[in-house]
Amino acid sequence: MPQAITKVLQKLKDASMRNGFGAAMTEIGSDANVVALSADLSESLALAEFKENYPERYIELGIAEQNMAGVAAGLALEGMIPFVCTFACFQPMRNLDQIRTSICIQNTNVKMISSHAGFSFPGDGIQIQALEDIAIMRTLPNTTVLVPADALQARELTLQAYKYLGPVYLRLGRMPVDSFSSSNLVDQELLTPTEIGKAQLLRQGGDGAIIACGYMVNNALQAAELLKAQGVYVSVINMHTIKPLDTETLATIASHHRKIFTVEEHQLNGGLGSAVAEFLATHANSPKLTMIGVNDSFGDTAADVEQLWQQHGLMPAQIAQVILDEQ
């Protein structure tokens, strides 16, 4: 591995997911077809280095997300690879019509990058806490939906999205997160490389399986360790691709576990848990499914993210208790 890439990977350990995306954009910026479109958020989406190195392919469109989606579709139809960058509360919330009509119906090669998803930026209030975006995006035909668990995976999924033909939605959080791939809570012998459409088994146990995405992967790993201390052993799966769902891995998990728990920083309606439930409904002898997430409510004002996780039952100890109650 080149020394420059090694340094990048080292810097991304325990960084914000958006930094992983920004690093990948700098790497692929040498391709003259790559264009970054920003809604006045170059710093918030970690695009400063791309902007400095490739100013002619950094397009600032201001607070105009609907227009930005249309411009991206036009660029893609001309052979460019546009990355549309803004907050998840604006994309897909504000520009859904343009995403559906201009990007997805035409199956254009647009990459939609939405940062500050979930509770990861509580300081700006409830309206910024995007908890519905996975549900919206996974209903759109032709669309791939990706939810990385840390900055390193955000970088890798960005690099793969760049080569992946068709609309891609990449959901990023703002706050720093521990790198799960180097965690001592992960069974390194089980860990497989990140690949779009392929879930990752992080640890194995026979008393249940936790399927998580995004920040909740680390919380699930911590919950599994708390359960281990009480003699309960669970598998943990990182479902970083919500669409297309890895039904092959899901079928294997369903065949070897009596109970499955999904954990997500998103509404229970329409998110990861719903996707898993839809598959299990067609699976013979399906295990019991318990979904952990935001239960049909908006966010709330709070001093920090962990307070919001606590309010919605997403802290490791709370996840572990739900699983203990089901034993």
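For clarity, every value in this text was computed on a predicted model and none was experimentally measured.

**Looking at the sheet that holds strand E11 (residues 259–267)**
Ordered by their spatial adjacency, 5 strands build an open sheet running E7-E9-E8-E11-E12, and the pairing between neighbours is mixed. Two strands lie at the open edges of the sheet, namely strand E7 (200–206) and strand E12 (288–294), each paired on one side alone. On average, each strand axis in the sheet is inclined to that of its neighbour by 20°, with strand direction left out of account.

**Thoughts on unusual backbone geometry**
Of note, the amide linkage connecting Gln 91 to Pro 92 takes the cis form, showing an omega dihedral of 25°. Structurally, the position occupied by Pro 92 is in the loop between strand E3 (81–87) and helix H5 (96–104). Pro 244 follows Lys 243 through a cis peptide bond whose omega is 0°. Among the structural elements, Pro 244 can be located in the loop between strand E10 (241–243) and helix H9 (247–256). One non-glycine residue, Asp 40, lies in the positive phi region at around 65°. Relative to the helices and strands, Asp 40 resides in the loop between strand E1 (34–38) and helix H3 (48–53).

**A look at the pattern of salt bridges**
In the structure shown here, the tally under the stated rule is 8 salt bridges. Glu 27 is the partner of Arg 155 in a salt bridge, and the nearest nitrogen-oxygen pair spans 2.7 Å. Of the two residues, Arg 155 is situated in helix H7 (residues 151–163) and Glu 27 in helix H2 (residues 17–28); the sequence distance between them amounts to 128 residues. A relative accessible area of 9% means that Arg 155 is categorised as buried. Since its relative accessible area comes to 26%, Glu 27 is described here as partly exposed. Via salt bridges that share partners, Glu 27, Arg 155 and Glu 156 belong to a single interconnected network.

**Remarks on the packing of aromatic side chains**
Applying the stated rule across the entire model yields 4 aromatic pairs. Look at Phe 21 and Phe 83: their rings are 6.4 Å apart centre to centre, the planes differ by 40°, and that puts the pair in the tilted class. On the criterion of sequence distance, the pair formed by Phe 21 in helix H2 and Phe 83 in strand E3 is long-range, its members being 62 residues apart. Measuring from ring centre to ring centre gives 6.1 Å for Tyr 215 and Trp 309, while their planes differ by 55°; the resulting arrangement is tilted. Separated by 94 residues along the polypeptide, Tyr 215 in the loop between strand E8 (209–212) and helix H8 (216–228) and Trp 309 in helix H11 (residues 305–311) bring together distant segments of the chain.

Reading the values: the criteria
- Residues numbered from 1 in each chain as written.
- Predicted model: local features only at pLDDT ≥ 70, side-chain atom pairs only at ≥ 80, totals over all residues.
- Heavy atoms only, no water.
- Pairing = 2+ DSSP bridges.
- Helix = DSSP H or I, 4+ residues; strand = E, 2+ residues; numbered from the N terminus.
- Axes fitted to C-alpha atoms, helices over the stretch in contact; angles between N-to-C directions.
- Salt bridge = Lys/Arg side-chain N within 4 Å of Asp/Glu carboxyl O.
- Buried < 20%, exposed > 50% of the residue type's maximum accessible area, 1.4 Å probe, protein only.
- Phe/Tyr/Trp six-rings, centres within 6.5 Å; stacked < 30°, edge-to-face > 60°.

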